[in-house]
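# Reading the structure
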Amino acid sequence: DGKCPYHRESVGDGEVSRRPMTVRDWWPDSLDLRILHQDPVAARPSHVPHPSCTTVAAATAAIIGPSSSAHASYAENFSRLDLDALRNDIHAALTTSHPSWPADYGHYGPLMIRLAWHSAGTYRVFDGRGGGNSGNIRLPPLNSWPDNGNLDKACRYILWPIKRKYGQSISWADLIILAGNVAIESMMGRWGEVQPLWFGGGRVDAFAPEEDIYWGHEPEWLKDDRHAKGKNLDVVLEEPLGAVQMGLIYVNPEGPGGNPDILASAKDIRETFGRMGMNDFETVALIAGGHTFGKAHGAAEASKYVGAEPEGAPINQMGLGWKNSYLSGKGRDTITSGLEGAWTANPTKWDSGYFHLLFKYDWMQSKSPGGATQWVPTMESINANGGPDVVANVPDAHEQGTKHFPIMFTTDLALRYDPIYGPISQLFHLNQDKLTEAFKKAWYKLCHRDMGPISRHLGPYLPKEPLIWLDPIPSADYDIITTDDVQHLQNLVLDAVKQSKVSISDLVKAAWASASTYRCTDHRGGANGGRIRLDPQINWEVNDPVSLANVISFLETLKESFNDYQNQNNRTTRVSFADLIILAGNTAIEEAARKAGHMNVKVPFVAGRADALQSDTDVNSFAALQPSMDGFRNYEGKVGRPEASLIDRAHLMTLTTPEMVVLVGGLRVLNANTDQSLVGVLTDRPGTLDNAYFINLLDENTTWLPLGDGKSFQGNRPMGEPWTASRVDLVLGSNAQLRAVCEAYACADSSQYFLRDFVSSWTKVTMLDRFDLLPTYRAN
Ligand code: HEM
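All values derive from a computational prediction rather than experimental measurement.

## Considering the overall build of the protein chain
Looking only at helices and strands, the protein chain features 27 helices and 13 strands. Taken over C-alpha atoms, the radius of gyration comes to 29 Å for the protein chain, in line with the 28 Å a tight globule of 780 residues would show. Per-residue burial over the protein chain gives 57% buried out of 780 residues. Counting contacts in the protein chain only where the partners sit at least 6 residues apart, residues at least 24 apart contribute 71% of the total. Total accessible area computed for the protein chain in this model is approximately 32700 Å², and 53% of it derives from carbon and sulfur atoms.

As structure tokens, this is what we get:
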């Protein structure tokens, strides 16, 4: 009938909802490339910094060109911010009740802590995804998760006027975390007298929902279809998920699946907090510290009174959800989690009340007015402690003079009864100062775990001490190598290649192994620090430990002899291993390009990386960065779809589809596979950097047949030995979107474009972690 198909999506009077079928609807198993092109520049106003400006583009701009000059970087905006004025404004807003959403106890501090915690708490170590570094709690699905109930009010009523005032000098993501800090400071003592907590700015807002984060596959809120029996018949939670049920931040407060089993609940807590990189000590400090403040809200049954979440709510609610029709729908009639009550007698003060009451009473199960299972002191406890009038010492949040019994969740009792959490809780119970110290540190970790190294944290309130979970890299106490030094070192590397001491492919592999651990999700990994020569990376199977050891020993010797020479000749420059491994990789690529007839290719190089020590490296936490597959090196690992993993790794390195494709093609002809396997090395001249891979992959005369191992394929061609290739190789030719890119590199007129794009994509990967080149702000 001539209508635009998108108009049909709405359901008006008598109109049927007709969402157009998409490619993914027709072929749900087809490779999903959307994660490589998410949060497009087109989705945000031009004056709002895009993440690529503040991370990748700004760093690479230093060598590739000012591609990001269209945007002022967020770091620059932030540097103009009067942070203390902002902190004062936040404090004033937290202590001024808004009639649309009256503050419990006259203070929004607890609500704001919950907002910051839920914003940061989705982080998980396995893929570095989640967390508060993109302000994604403003966007679906997180803005509508059941566990985030009524946090929309914290953003809209309390923080929006502040965001409006400060504009682009503070992102939503930073504002949410800062508001959590101000809330804690405000309740820790008199405002203005309390030392500000550690805070680092630098989070850049997302403007579109993140496509790359797997939150689980259950089609219903609060469903749990993510536990299975493990090898030892333990119940295991699907990786990489960080929460036990769909739509929860971590665990169910009532116990696993709603079952009030205290010890089982402790297991869930340990598993999920562990997936955020928290140990038992930090976990206890966080939960106890958090529940020292505020209350739970369950004035009545949610299913009867609470309306749709923000994404499903009627348009006139303007993005606010969970409209509550119970009495006034707010204040003391609020329904959020369905649990009801507070943990301590002073819910807006930092004190020892939480552990004091947790250990003082015995607890029995009870039901909130909302119908949820929670715990209250037993009658024996009440009688033994002076009777109901004494034990009911928790003030009402809105009615002066009214008092309640304290409550605990099943998860709170886990801190007392779990055999590991119990003693830690006792320690904190007897030493409030220890709890204060541990809570502050764990809070900083919680809110900054996804921000990457300290050089990405902006502002005057940064920790002075090195923190191992920030993967510290010591500052250089020497001058950085000059252009002449670089040329000299490149000559020495070339000599070694010519004398066959080390091969082009080994140098390329080592540089790739070093740089490609970077993940944009939490800004960990990368070449800086030279951690490729340290445990655990040096032993990862994907890195071919034996050939890697040879390259490392060659480079270490070169580094030492160069630095000794500089020393003996009173020269101040020194080379780091981290710089040298990239420089050697670049040198190998230039040589491979020369072999292809491109005599003047220069791979951009910016020195300045420094070397970390083993003692700067948390071996356990680095294990999460180990690739289980790597399609760039045709390393198949053990589980999963290699082609999907290629897309995943490409996303972690912020690669676009063409960048990913050109890197695969280039790395194959450079013979950079793990194990030096010839799978996918579709060239008769390995070690020569040309577009042969794409030409041969798309050769219409080659017939590809699956081999018996179920993983690889044989390509029979009219002339020459058959090729072998992996699923990753063949998907480049079979997936229409990827094939289109391959074709662009296989054409007769593409060889120089292939080379140009390969060099620039390679350079991008080697520069992903060069935060040291970004504008930073240090007030002191
Ligand atoms: C409130 C669960 C850990 C801070 C709540 C509520 C629930 C809950 C159900 C009530 C929400 C409402 O009805 O308004 C849990 C569970 C945790 C956990 C199951 C982990 C086992 C934490 C942590 C923090 C925290 C780590 C912060 C460090 C708070 C605060 C409130 C709260 C401040 C009060 C909010 C208000 O007064 O509006 N929590 N929480 N919680 N939680 Fe947690």
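## Quick word on the pattern of salt bridges
Where charged atoms from two side chains of opposite charge come close, those side chains can pair. According to the stated counting rule, one finds 40 salt bridges in the structure shown. The closest approach of N and O atoms between aspartate 152 and lysine 153, which form a salt bridge, is 3.1 Å. Side by side, aspartate 152 and lysine 153 carry an identical accessibility label, which is buried. Of the charged contacts, one joins aspartate 471 and arginine 524 as a salt bridge, the two residues approaching to 2.8 Å between their closest N and O atoms. In this pair, aspartate 471 is assigned in the loop between helix H16 (432–448) and strand S9 (479–480) and arginine 524 in the loop between helix H18 (504–515) and helix H19 (545–568), connecting sequence segments 53 residues apart. Using a relative accessible area of 2% as the deciding quantity, one classes arginine 524 as buried. Several salt bridges share partner residues, and in doing so they unite Arg124, Asp127, Arg129, Asp212 and Asp648 into one network.

## Things to note about the sheet that holds strand S11 (residues 703–706)
Overall, antiparallel pairing links the three strands, which are arranged S11-S12-S13 in an open sheet. Looking at strand neighbours, the two that pair on one side only are S11 and strand S13 (723–726), the edges of this open sheet. Pairwise comparison of adjacent strand axes, ignoring direction, gives a mean angle of 30° for this sheet. Both strand S12 (residues 712–716) and S13 contribute to a ladder of four bridges, which runs antiparallel. Each bridged residue has a counterpart across the sheet, and for glycine 715 the counterpart in S13 is tryptophan 723.

## Section: the site of the ligand
Every one of the 25 residues lining the ligand counts as a neighbour, but Trp117, His291, Lys295, His297 and Ser337 are closest to it. Here an oxygen atom of the ligand sits 2.9 Å away from a polar atom, N or O, in the main chain of lysine 295. Here an oxygen atom of the ligand and a side-chain polar atom of serine 337 are 2.6 Å apart. Those elements giving two or more residues to the shell around the ligand turn out to be helix H5 (109–120), helix H9 (280–290), strand S3 (295–296) and H16. When residues of the shell around the ligand are assigned to their parent elements, the largest contribution, five residues, is made by H5.

## Some details on the packing of aromatic side chains
Applying the stated rule across the entire model yields 27 aromatic pairs. Summarising the aromatic geometry, the rings of tryptophan 117 and tyrosine 250 are spaced 5.3 Å apart at their centres and angled 50° between planes, so their arrangement reads as tilted. Of the two residues, tryptophan 117 sits in helix H5 while tyrosine 250 sits in the loop between strand S2 (235–237) and helix H8 (262–274), which places them 133 residues apart along the sequence. With a centroid separation of 5.0 Å and an interplanar angle of 20°, the aromatic rings of tryptophan 350 and phenylalanine 439 are classed as stacked. Note that tryptophan 350 is positioned in the loop between strand S4 (341–342) and helix H11 (353–360) and phenylalanine 439 in helix H16, a separation of 89 residues in sequence. Grouping residues by exposure puts tryptophan 350 and phenylalanine 439 together as buried. The structure contains a cluster of three or more aromatic residues connected by ring pairs, namely Trp512, Phe632, Tyr693, Phe694, Tyr745, Phe754, Phe758 and Trp762.

## With respect to the side chain of lysine 445
Within the element layout of this structure, lysine 445 appears in helix H16. Once residues lying within four places of it in the same chain are set aside, the contact partners of lysine 445 are Gly277, Met278, Glu282 and Trp469.

## Some details on the layout of surface pockets
Size it by volume and the second largest pocket reaches roughly 1300 Å³. In terms of lining, the second largest pocket is formed by 38 residues, of which the most central are Asp127, Arg129, Pro240, Ser645 and Asp648. When grouped by side-chain class, the residues that make up the lining of the second largest pocket number 17 nonpolar, six polar and 15 charged.

## What to know about the pairing of S11
Pairing of S11 with S12, which is carried by four bridges, proceeds in the antiparallel orientation. Bridge assignment links threonine 703 to a residue of S12, and that residue is asparagine 716. The hairpin turn running from S11 into S12, its antiparallel successor, is five residues long, and glycine 710 in that turn takes a positive phi close to 75°.

About the criteria used
- Residues numbered from 1 in each chain as written.
- Predicted model: local features only at pLDDT ≥ 70, side-chain atom pairs only at ≥ 80, totals over all residues.
- Heavy atoms only, no water.
- Helix = DSSP H or I, 4+ residues; strand = E, 2+ residues; numbered from the N terminus.
- Rg over C-alpha atoms; globule rule 2.2 N^0.38 Å.
- Buried < 20%, exposed > 50% of the residue type's maximum accessible area, 1.4 Å probe, protein only.
- Contact = heavy atoms within 4.5 Å.
- Areas by Shrake-Rupley, 256 points an atom, 1.4 Å probe, with all protein chains shown as cover.
- Salt bridge = Lys/Arg side-chain N within 4 Å of Asp/Glu carboxyl O.
- Pairing = 2+ DSSP bridges.
- Axes fitted to C-alpha atoms, helices over the stretch in contact; angles between N-to-C directions.
- Near = heavy atom within 4 Å.
- Polar contact = N/O pair within 3.5 Å; in protein donor to acceptor, adjacent residues only side chain to side chain.
- Phe/Tyr/Trp six-rings, centres within 6.5 Å; stacked < 30°, edge-to-face > 60°.
- 1 Å grid on protein atoms, 1.4 Å probe; cavity = no way out; pocket = protein on both sides within 12 Å on 5 of 7 lines; lining within 4 Å.
- Points joined across faces, edges and corners; volume = space filled by probe spheres on them.
- Nonpolar A, V, L, I, M, F, W, Y, C, P; charged D, E, K, R; others polar.

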